[in-house]
Amino acid sequence: MDKERIKIILITEKHFGSEISVSGWVRTKRQSKNVSFITLNDGSTVNSLQIVLDMNDFDLELVDDINSGTSLSISGKLVKSEGKNQDFELIANELKILGKSDPEEYPIQPKRHSFEFLREVAHLRPRTNTFSSIFRIRHSIIFAIHKFFNDKGFYNIHTPIITSSDAEGAGEMFKVTSLDLDKKNIDFKDDFFSKPVNLTVSGQLNAELGALALSEVYTFGPTFRAENSNTSKHLSEFWMIEPEMAFYDINDNMDLAEEMLKYVIRYVLDRCNDDLLFLENLEKNEEKSLPQIQRNEYALIERLSKITENTFDRVSYTDAFNILRNSKPNKKGKFKFKVDEWGIDFQSEHERYLVEKHFKNPVIVIDYPREIKAFYMRSNEDNKTVAAMDVLFPTVGEIIGGSQREERLDMLTKRMDEMNVSKKDLSWYLDTRRFGTVVHSGFGLGLERLVQFITGMKNIRDVIPFPRTPGNCNY
RNA sequence: GCCUUCUUAGCUCAGUUGGUUAGAGCAGUAGACUGUUAAUCUAUUGGUCCUAGGUUCGAGUCCUAGAGAAGGCGCCA
């Protein structure tokens, strides 16, 4: 007898009419005198398998012990369903309870729970349709990213998680130590690495070393930021993809970013239709209680399809600045931060206006003022801007930040001096410019922000299995 | 970190200008039911109204402080 996962049973007909065995967790049970129904899910798909129990064949005591959350192993015959909501059902002839679930204690009920409540039981939320869908889609996104780069000949390199570099300026870092912090007069020379070290905030500088040897590389690793950020778009621990390519200028960099995002979204559209449909319906139901203006103009799957079909808009910082300065909300004083002086950094409200109101399309903004960007970005001819690029998406905002890197040693060291970045600490980085430097580019993609966009989830804490945020590190 | 709002049963929520013994649906429990679909029907258990002070004859409701959460903002991916 075949032991099979529910996904295979439901999408192929190969088991129809035969004896099979399945295992999974009970979603609901509907019990009556002569016949009972169990909705069984094993996480392989958002869809569940209906199990039919003829009550003449089973002890009442056994069936009474089956509740939401109970794990079961069942053998039976797969037949055409007499009910309306499913094509197949399993007529059970053997049933074994693997693990009981006390219905008075089990927090997941067969009803709608708030995401806030499910965050408090994050260890059990993968048992819900919503979160199992999200985590299956998250897997497909991860897999598609690796496949995209592998198919293009990129090499995946692991950049360090513990780092002695703190010159990247990407935010507050978590310190890593094996010292007893209760002791006074701590000297980091006595610490494990004989110096202070941190958790990484970016693999970029290390990835550049790889690119300047293997030409095209990418990192895909955890990233840690100790910023006290309390928003629906920030995590203290998240996953970042950072491709880094030798012989790519800023235009090649933009082309790659756009191609990658479209590839990944297409991949998910092609393979996760059931999960996307489920999330789309969830979103529609949520939006019913919202005023029209707060609802999405297009349903989830259509939003994703549009991304893959249309070319991203590309605009220089200066042009975007002029669009914003001349925009209605700016003239009417609707922006909290007025757009009046060239050189300001765009705020969330400005990015959202560009993407959602002006272009109504993903936008890549390039050539930002040098003063608001990092030291390693390549200076443009105008001596005012750098070859930076930010990919802005609807709802989630900045999904990618990247640049062409400054490959000219004299220009790079000049910027480091101006911005007080230690040349001594980064001498290994400068060596790439001393020995066979080349034009190169790269960018960073926040995995969770992409998952957020693709699943339509409003809060980033709901697209990572175990979210870490200020004051919150459980499980 | 800042601003705003919220915290009532296991969950989702109602609770009037401060006024008897704080309610509903779902879940749970007991029973009924020949095919259900978050099954249905009957009965029923369940409360530190976030915490600590205060005002008042009287506080779920008003005030102060604290804790936690959500949304927005900043920092960024």
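Here the structure is a predicted model, which means the values were calculated and not measured. (Residues numbered from 1 in each chain as written. Chains lettered and ligands numbered in written order. Predicted model: local features only at pLDDT ≥ 70, side-chain atom pairs only at ≥ 80, totals over all residues. Heavy atoms only, no water.)

1. Regarding the overall build of chain A
Under the convention used in this document: Labels follow the DSSP assignment, with helices taken as runs of H or I lasting at least four residues and strands as runs of E lasting at least two, numbered in each case from the N terminus. For every residue, the accessible area obtained with a 1.4 Å probe (protein chains only) is divided by the maximum for its type, and the residue is called buried under 20%, exposed over 50%, and partly exposed between those limits. Contact definition: two residues touch when any of their heavy atoms are within 4.5 Å.
Broken down by element type, chain A carries 14 helices and 17 strands. Buried residues in chain A amount to 50% of all 475 residues. Relative to all contacts within chain A whose residues are 6 or more apart in sequence, the contacts with residues 24 or more apart total 67%.

2. Details of a nonpolar patch on the surface
Here is the rule we go by: By definition, no residue in a patch forms a salt bridge, and every one has over 30% relative accessible area; like charges are joined within 9 Å, nonpolar side chains (Val, Leu, Ile, Met, Phe, Trp, Tyr) within 5 Å. Only the protein chains shown count as cover for residues, and all accessible areas are computed by the Shrake-Rupley method using a 1.4 Å probe. Any Lys or Arg side-chain nitrogen found within 4 Å of a carboxyl oxygen on Asp or Glu counts as a salt bridge.
A grouping of Ile161, Ile162, Phe192 and Phe193 is seen on the molecular surface, where their side chains present a nonpolar patch of about 390 Å² in accessible area. One can find Ile161 in the loop between strand S7 (155-156) and strand S8 (162-163).

3. Comments concerning the packing of aromatic side chains
Test applied: Centre distance within 6.5 Å is the pairing criterion for rings of Phe, Tyr and Trp, where only the six-membered ring of Trp is used; planes under 30 degrees apart are then read as stacked, over 60 as edge-to-face, and the remainder as tilted.
Considering all chains together, one arrives at 21 aromatic pairs under this definition. With 5.5 Å between their ring centres and 90° between their planes, Tyr317 and Trp342 make a pair best called edge-to-face. Taken together, the residues Tyr317 in helix H9 (residues 317-325) and Trp342 in the loop between helix H10 (328-331) and helix H11 (348-359) connect sequence positions 25 residues apart. Ring geometry for Trp428 versus Tyr429: centroids 6.2 Å apart, planes at 75°, classification edge-to-face.

4. Details of the confidence of the model for chain A
Defined as follows: The pLDDT value expresses, per residue, how confident the predictor is, ranging between 0 and 100.
Per-residue confidence for chain A gives a mean pLDDT of 92; residues scoring 70 or more make up 99%. Per-element mean pLDDT across chain A ranges from 76 in strand S1 (residues 2-3) up to 98 in S7. The complex model carries a pTM of 0.94, and its ipTM stands at 0.89.

5. With respect to the pattern of salt bridges
According to the stated counting rule, one finds 27 salt bridges in the structure shown. One salt bridge connects Asp462 with Arg119, and the closest N-O pair in it is separated by 2.7 Å. Residue Asp462 is located in the segment after helix H14 (447-455), and its partner Arg119 is located in helix H3 (residues 115-120); the two are separated by 343 residues in the primary sequence. Close ionic contact of Lys373 with Asp390 constitutes a salt bridge, the shortest N to O distance being 3.4 Å. In this pair, Lys373 sits in the loop between strand S14 (363-369) and strand S15 (385-393) while Asp390 sits in strand S15, placing the two residues 17 residues apart along the sequence. Taking relative accessible area as the criterion, Lys373 reaches 15% and is therefore assigned buried. Salt bridges sharing partners connect three or more residues here, namely Glu208, Glu244, Arg405 and Arg433.

6. Here's the deal with helix H8 (residues 300-309)
Taking burial as the measure, the 10 residues of H8 include 7 buried ones, the bulk of the element. Leu300, Ile301, Arg303, Leu304, Ser305, Ile307 and Thr308 are the residues of H8 that are buried. Looking at the buried side of H8, the elements it contacts are helix H6 (250-271), helix H7 (273-287), S15 and H14.

7. A word on the pairing of strand S11 (residues 216-224)
This is how it is decided: We call two strands paired when DSSP finds no fewer than two bridges between them.
Of all 9 residues in S11, 9 are buried, a share of seventy percent or more. In the sheet, S7 pairs with S11 via 2 bridges, with the strands oriented parallel. Residue pairing in the sheet places Asn156 in a bridge with Tyr218 of S11. Two strands pair when backbone bridges link them, and S11 and strand S12 (residues 237-246) are joined in this way by 9 bridges, in the antiparallel orientation. Residue pairing across strands places Tyr218 opposite Pro243, the latter belonging to S12.

8. Describing the protein's contact with RNA strand B
Quick reminder of the rule: Only a single heavy atom is needed: when it lies within 4 Å of a molecule or strand, its residue is near that molecule or strand. Any N or O atom pair separated by 3.5 Å or less is treated as a polar contact, with the protein-specific requirement of one donor-capable and one acceptor-capable atom, and with residues adjacent in sequence counted only for side-chain atom pairs. Classification used: nonpolar for Ala, Val, Leu, Ile, Met, Phe, Trp, Tyr, Cys and Pro, charged for Asp, Glu, Lys and Arg, polar for all others including Gly.
Close to RNA strand B lie 51 residues, the nearest being Arg119, Asn228, Thr231, His234 and Arg449. Restricting the count to atoms of RNA strand B within 4 Å of the protein gives a sugar and phosphate share of 48%. In this structure, Arg352 approaches RNA strand B through a side-chain N or O atom, which is 2.8 Å from a phosphate oxygen. A distance of 3.0 Å separates a sugar or linking oxygen of RNA strand B from a polar atom in the backbone of Glu398. Residue assignment for the surface near RNA strand B shows that the elements contributing at least two residues are strand S2 (19-31), H3, S12, H11, strand S16 (397-404) and strand S17 (440-446). Element by element, the count of residues in the surface near RNA strand B is highest for S16, at 4 residues. Among the residues forming the surface near RNA strand B, the class breakdown is 9 nonpolar, 24 polar and 18 charged.

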